[in-house]
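Residues per chain, in single letters:
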Amino acid sequence: MNADERLAELGLTLPKIPSLPGRVQPLLEPVLVHGDLAYLSGIGPIGITGIVGGDCTVEEAFAAARGTALLMLRRIHDAFGSLDIVDHWVKVLGFIRSAPGFAQQPAVLNGFSSLIIDVYGVARGRCARSAIGTSELPANIPVEVEAIVALRPGARKENDG
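The rules behind the values
- Residues numbered from 1 in each chain as written.
- Predicted model: local features only at pLDDT ≥ 70, side-chain atom pairs only at ≥ 80, totals over all residues.
- Heavy atoms only, no water.
- Helix = DSSP H or I, 4+ residues; strand = E, 2+ residues; numbered from the N terminus.
- Buried < 20%, exposed > 50% of the residue type's maximum accessible area, 1.4 Å probe, protein only.
- Salt bridge = Lys/Arg side-chain N within 4 Å of Asp/Glu carboxyl O.

A. Layout of the environment of L27. By the secondary structure assignment, L27 is in the loop between α1 (3-9) and β1 (31-34). On the basis of relative accessibility, which here comes to 88%, the residue L27 falls in the exposed class. When the C-alpha atoms of L27 and G111 are compared, they prove to be 27 Å apart, with 84 residues separating the residues in sequence.

B. Region of interest: the pattern of salt bridges. Taken as a whole, this structure holds six salt bridges when the rule is applied. One salt bridge connects D118 with R66, and the closest N-O pair in it is separated by 3.2 Å. Here D118 is found in helix α3 (residues 105-125), whereas its partner R66 is found in helix α2 (residues 58-80), with 52 residues between them in sequence. In this structure, the salt-bridge partner of D84 is R124, at a minimum N-O distance of 3.2 Å. Highlighted residues: D84 in the loop between α2 and β3 (86-97) and R124 in helix α3, separated in sequence by 40 residues. For the pair formed by D84 and R124, the shared burial category is buried. Among the charged side chains, a network of salt bridges with common partners joins D84, R124 and R152.

The following block contains the structure:
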């Protein structure tokens, strides 16, 4: 079963990534391909704010990280037309907007990682990972995640370096 079929089997759909009128748009490529690697720019949940360990619980932030994984998968699908273009996930870097003294960043980022493993399986979805606490994130979101994925041999995209 490929990743697109697995997503459907799980009953999940990819959300649209809305444009944010009136806000400064970052100068970035959402997906940049170099060789057989795709670098996925940071993204966070839409419409969810909070400080984890403050006004946002670990469970709420876990759910926000899981939603962020769906947005990341949307970026992959938009760039390549299929989630199955990913051979395996290489590295995930998560930033968790944390209250002073909060030290459960890995538990929050598990929301992202668990969804990726649900879709791709352990062999393709488990990767190197870092979860870092930070005092601020854009739009006061509780979680932002960036990633690097290895593409199936021969995969190409317009901005290929």
